[in-house]
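# Structural features, examined
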Amino acid sequence: MDVMGDKVTLFESGRFVQTSDRGPVEEPEGAGSAHPYATGTRHAGTDRTGAVPLGLDGAGTEGTGTDETGAVADEVAELARRRLAAEAGDVEAMSVLGAMLLRRGDLDGAEPHLRAATAAGDRAAANNLGVLLQQRGYADEAAGWWRIAAVAGSAPAAHALGRHHRERGDEPAAEYWLRQSAEQGHVLGAYALADLLEHRADAEAERWMRVAAERGHREAAYRLARALDRRAGESAADSGAGPPAEAEQWYRQAAARGHRRAALHLGAILEKRGELKEAGRWYLTSAKDGEARAACALGFLLRDAGDTESAAVWWLRAAQDGDGNAANALGALHAERGETQTAERWYRAAMDAGDVNGAYNLALLCAEQGRTPQAEQWYRHAAYAGHREAANALAVLLLQGGDTTGAEPWFSKAAEAGSVDAAFNLGILYAGRGLEAEALRWYERAAAAGHTEAALQVGMARLRGGDEREAERHLRCAAGGGSAEAAYRLASLLDARRPPPPAHELGESVIHEKTECEEWYERAASQGHRRAQVRVGMLAAARGDVVEAARWYREAAEAGSRNGAFNLGLLLAREGSEPEAVLWWTRAADAGHGRAALRLALVCARRGELAEGQRWADRAVALGPREVAQRAARLRDALREELSA
């Protein structure tokens with residue numbers, strides 16, 4: 001069953017639907033030092049929500065012990081030490097204590113310390129107070145403190161203020177503050193600025209995205225790779241090349257930092273390049289992080305390796321997460337096992353996930369079971385959703401039911417959408433109406449897209465029109481695509497151009513070199529083309545290879561060729577096997593071969609079986625051709641006179 005939703009073209013099939021997040025989730029920027037001008041950054045990249053919390057500025061401490069209990073004890077001791085210093089009026093301790101409590105989510109405990117440090121002129125405390133107020137829902141008041149800290153040179157505060165203005169639609173102010181943050185080396189500021197500029201289609205966006213990526217921002221690395229990938233998309237489609245090496249490099253960096261979509265794309269690049277083992281590792285990494293498309297892709301990889309059981313496990317996981325392609329794959333797997341009810345359930349799940357291939361596959365399933373009304377219903381469902389192959393299948397179904405009028409618009413819709421089969425079918429439809437010019441137009445369109453039978457039809461039309469050059473070109477395309485009829489017709493065309501063989505002296509040995517037309521005849525013959533088999537037999541007989549000739553004649557005759565049966569009879573008669581020859585001539589004559597009937601009449605006359613000879617002579621007169629009919633009539637009259645004498 002031709003099931004849609006397979007992995008053939010990962011991106012074209014919609015397997016990798018492009019999504020974009022606002023940005024990465026970054027861990028708060030706690031400072032390792034309490035100095036108001038010492039601001040550090042530490043980021044954790046992208047999670048599944050796409051939210052971007054604002055950075056803390058100023059001090060924060062982390063345990064360095066080997067055990068979690070020891071780290072907690074160290075933090076408690078540090079809090080106690082900072083609290084004592086803050087109560088003694090140490091501004092730095094107030095700022096650090098406020099930041100530490102804010103990190104722990106103790107907003108009520110943090111606020112008085114941050115306000116006290118801010119009142120004493122601590123820049124980091126002003127930024128962190130803004131973060132606290134923003135968490136409480138007082139965004140405008142938070143922005144006021146961020147502005148104070150940003151003016152004092154806080155890059156995290158400038159980043160937070162820029163985001164605040166962007167959320168309110170004030171892009172000029174947002175750009176100003178984000179640029180301030182980015183130019184001070186703040187990685188989140190560089191990323192947010194790049195995001196803003198990219199939204200405006202500003203060419204400068206890539207520079208800042210690159211800056212953020214180079215400083216370790218994994219979402220920036222991913223988006224930079226996507227931008228490079230998209231830019232190379234058209235040229236890559238034309239040349240068949242993959243994404244640029246630089247894009248792959250950034251995908252790899254983002255994936256190495258845990259970016260699941262980057263791991264997905266990296267896996268796809270490696271799979272396309274044939275590096276399946278590494279592709280599988282990245283798909284697995286992405287799938288374990290919850291990327292349904294990676295789980296689906298991993299399933300296809302495992303299926304291609306012959307491990308359908310493991311493939312089903314990953315498809316199930318992806319389908320349960322809403323991946324329609326995986327649901328289709330599960331449906332196809334169960335359909336192959338004959339579990340049609342389960343297959344139907346998964347195809348419906350694919351439809352529920354928004355994958356139109358589910359309706360098409362369900363229609364195929366119904367058609368195989370002979371449930372024509374249901375098949376038509378689901379073909380229609382998919383066709384109305386824009387599925388071109390469903391539109392073509394629907395048209396074929398209508399045509400089989402005698403509804404030519406209803407079929408034609410669906411063929412047209414599918415063909416205009418790019419269905420090669422539909423274009424060919426339109427050609428057949430118009431040819432059946434005698435509209436040869438219109439039929440040829442659609443045949444040519446399908447042939448240009450690589451449709452073998454369409455190329456054959458164009459070649460035959462060009463032959464009828466006397467354009468041998470174009471005919472040969474199309475016949476070569478069709479023959480190369482596997483059409484036995486095209487190979488035979490191409491061979492016949494080349495055969496007609498061959499000069500007659502040179503005369504040889506009696507007894508002179510002749511070395512036979514196989515011509516191109518013979519090669520095409522043999523190709524068609526090996527594909528079961530009966531006329532080609534007869535022709536190959538004739539060529540073998542002409543060069544004296546009786547065994548080869550008999551083999552090809554017999555193969556054609558057993559397949560129903562009356563010419564093959566007649567020629568085999570001639571060969572057997574010459575070799576002295578007249579009884580077997582009579583058997584093959586009888587088969588040929590019964591199939592309507594006039595010359596075979598005449599031969600049988602002559603054999604009967606020679607044997608003295610006059611009545612039987614007269615019967616075969618009558619048959620030969622009826623079958624023809626003209627010269628055979630004339631000879632058979634004379635023989636019949638002679639036999640009649642002999643019988644009446």
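Okay, the overall build of the protein next. When helices and strands are tallied, the protein shows 35 helices and 0 strands. Going through the 645 residues of the protein one by one, you find that 48% of them count as buried. Sequence separation of 24 or more characterises 51% of the internal contacts of the protein that already satisfy a separation of 6 or more.

A separate point is the packing of aromatic side chains. In this structure the tally under the stated criterion is 7 aromatic pairs. Their ring planes at 85° and their centres at 4.9 Å tell us that Tyr176 and Trp177 sit as a pair that is edge-to-face. Tyr176 sits in the partly exposed class, given a relative accessible area of 46%. For Trp177, a relative accessible area of 9% corresponds to the buried category. An angle of 80° between the planes, with centres 5.2 Å apart, marks the rings of Tyr384 and Trp410 as edge-to-face. On the criterion of sequence distance, the pair formed by Tyr384 in helix α20 (residues 372–384) and Trp410 in helix α22 (residues 404–416) is long-range, its members being 26 residues apart. Its end group placed over the ring of Trp552, Arg551 keeps NZ or CZ at 4.3 Å from the ring centre. Stacked on the ring of Trp616, the Lys or Arg Arg615 has its end atom at 4.6 Å from the ring centre.

With that settled, the discussion passes to the side chain of Asp323. As for its position among the elements, Asp323 is in the loop between α16 (308–320) and α17 (324–336). Buried charge Asp323 goes without a salt bridge, the closest partner of opposite sign being Arg293 at 5.9 Å. Residues within four places of Asp323 in sequence aside, it is in contact with Ala292, Arg293, Cys296 and Ala318.

This part is about the packing of helix α9 (residues 205–214) against helix α10 (residues 218–231). Viewed as axis vectors pointing N to C, α9 and α10 meet at an angle of 140°, and their least axial separation amounts to 8 Å. Here α10 runs oblique to α9, going by the angle between their axes. Two packed elements cross with a definite hand, and for α9 against α10 that hand is left-handed. Contact residues: Glu206, Met209, Arg210, Ala212 and Ala213 in α9; Ala220, Ala221, Arg223, Leu224, Leu228 and Arg231 in α10. For the contact of α9 with α10, a count of residues per class yields 7 nonpolar, no polar and 4 charged.

A separate point is the packing of helix α30 (residues 546–558) against helix α31 (residues 562–574). Contact geometry for α30 and α31: axes closest at 8 Å, N-to-C directions at 145°. Considering how the two elements wind past one another, α30 and α31 form a crossing that is left-handed. Contacts from Val546, Ala549, Ala550, Tyr553, Arg554, Ala556 and Ala557 of α30 reach α31 at Gly564, Ala565, Asn567, Leu568, Leu571 and Leu572. When the residues that make up the contact of α30 with α31 are grouped by side-chain class, the tally is 10 nonpolar, 2 polar and 1 charged.

Basis of the calculations
Residues numbered from 1 in each chain as written. Predicted model: local features only at pLDDT ≥ 70, side-chain atom pairs only at ≥ 80, totals over all residues. Heavy atoms only, no water. Helix = DSSP H or I, 4+ residues; strand = E, 2+ residues; numbered from the N terminus. Buried < 20%, exposed > 50% of the residue type's maximum accessible area, 1.4 Å probe, protein only. Contact = heavy atoms within 4.5 Å. Phe/Tyr/Trp six-rings, centres within 6.5 Å; stacked < 30°, edge-to-face > 60°. Lys NZ or Arg CZ within 6 Å of the ring centre and 35° of its normal. Lys, Arg positive; Asp, Glu negative; His and termini not counted. Salt bridge = Lys/Arg side-chain N within 4 Å of Asp/Glu carboxyl O. Axes fitted to C-alpha atoms, helices over the stretch in contact; angles between N-to-C directions. Parallel < 35°, antiparallel > 145°, perpendicular 65-115°, else oblique. Left-handed = near helix turned anticlockwise from the far one by under 90°. Nonpolar A, V, L, I, M, F, W, Y, C, P; charged D, E, K, R; others polar.

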